[in-house]
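# Working through the structure, step by step
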Amino acid sequence: MQTNKHIGRVTKTFEMQYIGEEKIPMVRVGLAVKRFPSRNAKTDFLYYVGYRDVAERLYQYANQKGLPVEFEFTQQSRRYQNQDGETVYRVDNVIEKFMPWASLDQPEATEETESGAPDTAVENDFSPDDLAHFSSADFTVL
(Lines give C-alpha, C1' and ligand atoms only; values in the text may rest on other atoms or scores of the structure.)
Protein backbone atom coordinates (compact mmCIF):
# COMPACT_ATOMS: atom_id res chain seq x y z
CA MET A 1 0.00 0.00 0.00
CA GLN A 2 1.31 3.43 -0.92
CA THR A 3 1.78 5.93 1.89
CA ASN A 4 1.78 9.67 1.16
CA LYS A 5 2.76 12.75 3.16
CA HIS A 6 1.39 16.25 2.96
CA ILE A 7 2.39 19.29 4.97
CA GLY A 8 0.03 22.22 5.25
CA ARG A 9 -2.21 24.27 7.50
CA VAL A 10 -5.56 23.23 8.99
CA THR A 11 -8.29 25.14 7.13
CA LYS A 12 -10.78 25.34 10.00
CA THR A 13 -11.59 23.76 13.35
CA PHE A 14 -13.35 20.43 13.06
CA GLU A 15 -15.83 18.36 15.03
CA MET A 16 -15.51 14.85 16.43
CA GLN A 17 -18.18 12.50 15.09
CA TYR A 18 -19.09 9.01 16.25
CA ILE A 19 -20.16 6.58 13.55
CA GLY A 20 -21.80 3.16 13.45
CA GLU A 21 -23.22 1.05 16.22
CA GLU A 22 -19.80 0.87 17.86
CA LYS A 23 -19.58 4.70 18.00
CA ILE A 24 -16.16 4.84 16.30
CA PRO A 25 -14.54 8.30 16.62
CA MET A 26 -14.06 10.08 13.27
CA VAL A 27 -12.90 13.52 12.15
CA ARG A 28 -12.82 15.16 8.73
CA VAL A 29 -9.99 17.66 8.32
CA GLY A 30 -9.20 20.15 5.57
CA LEU A 31 -5.58 21.07 4.86
CA ALA A 32 -4.21 23.93 2.74
CA VAL A 33 -1.16 22.46 0.98
CA LYS A 34 1.22 24.51 -1.15
CA ARG A 35 2.22 22.81 -4.40
CA PHE A 36 5.88 23.70 -3.86
CA PRO A 37 7.76 25.84 -1.30
CA SER A 38 7.46 29.35 -2.71
CA ARG A 39 5.58 32.50 -1.84
CA ASN A 40 3.93 32.48 -5.26
CA ALA A 41 2.99 28.77 -5.23
CA LYS A 42 -0.63 27.83 -5.68
CA THR A 43 -2.40 26.28 -2.72
CA ASP A 44 -4.53 23.14 -2.93
CA PHE A 45 -7.27 22.49 -0.39
CA LEU A 46 -7.35 18.76 0.36
CA TYR A 47 -9.54 16.78 2.73
CA TYR A 48 -8.69 13.86 4.99
CA VAL A 49 -10.44 11.56 7.41
CA GLY A 50 -9.13 10.09 10.66
CA TYR A 51 -10.60 7.23 12.69
CA ARG A 52 -10.32 5.86 16.24
CA ASP A 53 -7.15 6.88 18.15
CA VAL A 54 -5.90 9.09 15.31
CA ALA A 55 -9.20 10.99 15.34
CA GLU A 56 -9.06 11.51 19.09
CA ARG A 57 -5.46 12.73 19.02
CA LEU A 58 -6.12 15.02 16.04
CA TYR A 59 -9.07 16.54 17.86
CA GLN A 60 -6.96 17.08 20.97
CA TYR A 61 -3.67 18.28 19.43
CA ALA A 62 -4.40 19.73 15.97
CA ASN A 63 -7.84 21.32 16.12
CA GLN A 64 -6.89 24.91 15.38
CA LYS A 65 -7.33 26.90 12.17
CA GLY A 66 -3.96 27.71 10.60
CA LEU A 67 -1.98 25.13 12.61
CA PRO A 68 0.87 23.68 10.50
CA VAL A 69 0.66 19.89 10.47
CA GLU A 70 2.10 16.93 8.57
CA PHE A 71 -0.21 14.05 7.59
CA GLU A 72 0.95 10.58 6.63
CA PHE A 73 -1.99 8.95 4.88
CA THR A 74 -3.20 6.27 2.49
CA GLN A 75 -5.86 6.54 -0.16
CA GLN A 76 -8.72 4.10 0.27
CA SER A 77 -11.55 3.64 -2.20
CA ARG A 78 -15.03 2.49 -1.35
CA ARG A 79 -18.48 2.33 -2.85
CA TYR A 80 -21.92 2.51 -1.37
CA GLN A 81 -25.54 3.08 -2.32
CA ASN A 82 -26.99 6.49 -1.59
CA GLN A 83 -30.61 7.21 -0.64
CA ASP A 84 -31.63 7.33 -4.32
CA GLY A 85 -30.26 3.81 -4.89
CA GLU A 86 -27.33 5.04 -6.98
CA THR A 87 -23.89 3.52 -6.52
CA VAL A 88 -21.40 6.13 -5.32
CA TYR A 89 -17.64 5.64 -5.64
CA ARG A 90 -15.41 7.55 -3.26
CA VAL A 91 -11.70 7.83 -2.51
CA ASP A 92 -10.74 8.98 1.02
CA ASN A 93 -7.36 10.18 2.27
CA VAL A 94 -7.17 8.20 5.53
CA ILE A 95 -4.72 9.62 8.07
CA GLU A 96 -2.42 6.98 9.54
CA LYS A 97 -0.05 9.31 11.45
CA PHE A 98 0.29 13.03 11.96
CA MET A 99 2.77 15.50 13.41
CA PRO A 100 1.81 19.05 14.45
CA TRP A 101 4.57 21.51 13.58
CA ALA A 102 3.48 23.96 16.28
CA SER A 103 1.53 23.92 19.55
CA LEU A 104 -2.12 24.82 19.84
CA ASP A 105 -2.87 28.46 20.62
CA GLN A 106 0.76 29.42 20.09
CA PRO A 107 0.88 32.86 18.51
CA GLU A 108 3.00 32.84 15.38
CA ALA A 109 4.46 35.69 13.37
CA THR A 110 2.74 35.35 10.00
CA GLU A 111 2.37 37.47 6.96
CA GLU A 112 -0.15 37.14 4.16
CA THR A 113 1.01 35.98 0.74
CA GLU A 114 -0.51 37.20 -2.51
CA SER A 115 -2.86 34.20 -2.51
CA GLY A 116 -4.12 35.15 0.96
CA ALA A 117 -2.69 32.01 2.57
CA PRO A 118 -0.64 32.62 5.71
CA ASP A 119 3.09 32.09 5.36
CA THR A 120 5.19 31.75 8.49
CA ALA A 121 7.89 34.37 8.71
CA VAL A 122 11.32 32.88 9.30
CA GLU A 123 13.96 34.93 11.04
CA ASN A 124 17.61 34.08 10.54
CA ASP A 125 19.83 35.61 13.23
CA PHE A 126 22.98 33.96 11.87
CA SER A 127 25.90 36.05 10.66
CA PRO A 128 29.45 35.04 9.61
CA ASP A 129 30.78 36.78 12.74
CA ASP A 130 29.14 33.99 14.77
CA LEU A 131 31.77 31.56 13.46
CA ALA A 132 34.77 33.83 14.05
CA HIS A 133 35.84 32.11 17.29
CA PHE A 134 35.89 28.62 15.67
CA SER A 135 38.86 27.15 13.81
CA SER A 136 38.76 24.52 11.07
CA ALA A 137 39.90 21.92 13.66
CA ASP A 138 36.55 22.39 15.45
CA PHE A 139 34.65 20.88 12.52
CA THR A 140 34.55 17.22 11.50
CA VAL A 141 33.74 16.12 7.98
CA LEU A 142 31.47 13.09 7.96
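An account of the accompanying structure is given in this report. (Residues numbered from 1 in each chain as written. Predicted model: local features only at pLDDT ≥ 70, side-chain atom pairs only at ≥ 80, totals over all residues. Heavy atoms only, no water.)

A general trend in soluble globular proteins is that nonpolar side chains are found buried together. Membership of the largest hydrophobic core comes to 19 residues, with the highest contact counts inside it found for L58, F71 and F98. The set of elements that each furnish at least two residues to this core consists of β3 (24–34), α1 (52–61), β5 (68–81) and β6 (87–100). Sort the elements by how many residues they give to this core and β3 lands first, with four residues. Every residue in contact with F98, bar those within four places of it in the chain, is listed here: V54, R57, L58, A62, V69, E70 and F71. (Core = buried A, V, L, I, M, F, W, Y, C linked by side-chain atoms within 4.5 Å. Buried < 20%, exposed > 50% of the residue type's maximum accessible area, 1.4 Å probe, protein only. Helix = DSSP H or I, 4+ residues; strand = E, 2+ residues; numbered from the N terminus. Contact = heavy atoms within 4.5 Å.)

Further remarks concern the side chain of N4. The topology assignment puts N4 in strand β1 (residues 4–10). Within the local environment of N4, its side chain forms a polar contact with the side chain of Q2, the two groups lying 3.2 Å apart. Setting aside its immediate chain neighbours within four residues, N4 contacts F71, E72, F73 and Q75. (Polar contact = N/O pair within 3.5 Å; in protein donor to acceptor, adjacent residues only side chain to side chain.)

Let us now look at the pairing of β5. As paired elements, β1 and β5 share six bridges and run antiparallel to each other. Bridge pairing in β5 places R9 opposite P68. Of the pairings in the sheet, the one linking β5 to β6 comprises 13 bridges and is antiparallel in character. Note that in β6 the partner of Q75 across the bridge is N93. Counting the residues between successive antiparallel strands, the hairpin from β5 to β6 contains five residues, one of them, G85, with a positive phi of roughly 85°. (Pairing = 2+ DSSP bridges.)

Don't take any of this as a statement about function, it's just geometry.
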